[in-house]
Amino acid sequence: MMDQKPHSQQLEFFDIPSPCIGVCESGPRGYCKGCFRSRDERLYWLKVDDATKRKIISACVRRKKAVLAKKRKAELQENTALNEQFTLFGEPPEDDKN
C-alpha cells in the first residue's frame with residue numbers, strides 16, 4: 001500500500017504577497033489600521049516562512065472581522081438610541097427628566 005502524504009503540504013509556487021494596503025497607521029491596540037498586522041508582523045514579514053505568513057494573514061482576517069463587528073454594533077446602538085421616541089402621553093426617558 002502507498003504511503004500518502006497529508007494534503008496540507010501543498011506546494012507553493014508563488015510568494016505570498018504582503019497584505020499591506022498602504023494605510024500604515026497604528027490603531028489603539030497597536031495593529032495597523034490598513035492590514036491589521038502587529039508591528040512585529042510588519043517588521044519581520046520578509047524574514048518569515050510561508051506557513052507563518054499564512055498564519056499572520058489568518059490572524060489579520062480575524063482582527064478585521066472583529067473590528068468591523070464592533071463598529072457595526074456601535075452604529076446599531078447609536079441608531080437605536082437616536083430612533084427611540086416616547087409617546088405624547090408616555091413618560092420621557094430617564095435621561096431627559098430634570
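Cut-offs used in this document
Residues numbered from 1 in each chain as written. Predicted model: local features only at pLDDT ≥ 70, side-chain atom pairs only at ≥ 80, totals over all residues. Heavy atoms only, no water. Helix = DSSP H or I, 4+ residues; strand = E, 2+ residues; numbered from the N terminus. Buried < 20%, exposed > 50% of the residue type's maximum accessible area, 1.4 Å probe, protein only. Lys, Arg positive; Asp, Glu negative; His and termini not counted. Salt bridge = Lys/Arg side-chain N within 4 Å of Asp/Glu carboxyl O. Contact = heavy atoms within 4.5 Å. Core = buried A, V, L, I, M, F, W, Y, C linked by side-chain atoms within 4.5 Å.

Draft legend 1. Main features of the side chain of K53. Tracing the backbone through its elements, the reader meets K53 in helix α2 (residues 50-83). One buried charge, K53, has no salt-bridge partner; the nearest side chain with opposite charge is D50, at 4.3 Å. Residue contacts for K53: discarding those within four places in its chain leaves I16, W45 and V48.

Draft legend 2. View of the nonpolar core. Ranked by size, the top nonpolar core spans 5 residues in total: I16, F36, W45, I56 and C60. Not counting the four nearest positions on each side in its chain, I16 is found in contact with W45, D50, K53, R54 and I57.

Draft legend 3. Representation of the side chain of R63 in the model. If you trace the backbone, R63 turns up in helix α2. On the basis of relative accessibility, which here comes to 18%, the residue R63 falls in the buried class. Setting aside residues no more than four positions away along its own chain, R63 makes contact with Y31, F36, R37, S38 and E41.

Draft legend 4. Highlighting the environment of F36. Note that F36 resides in the segment before α1 (39-43). In the structure, F36 is positioned 31 residues away from V67 in sequence and 9.6 Å away in space, judged by C-alpha atoms. Not counting residues within four places of it along the chain, the set of residues in contact with F36 comprises Y31, E41, C60, R63, K64 and V67.

Draft legend 5. The pattern of salt bridges, seen in detail. Across all of its chains, the model carries 2 salt bridges by this definition. Its salt-bridge partner being E25, residue K33 comes within 3.2 Å of it at the nearest N-O pair. Judged by relative accessible area, which is 42%, E25 ranks as partly exposed. Taking the shortest distance from any N to any O, the salt bridge between E41 and R63 comes out at 2.8 Å. Of this pair, E41 sits in helix α1 while R63 sits in helix α2, and the two are 22 residues apart along the sequence.

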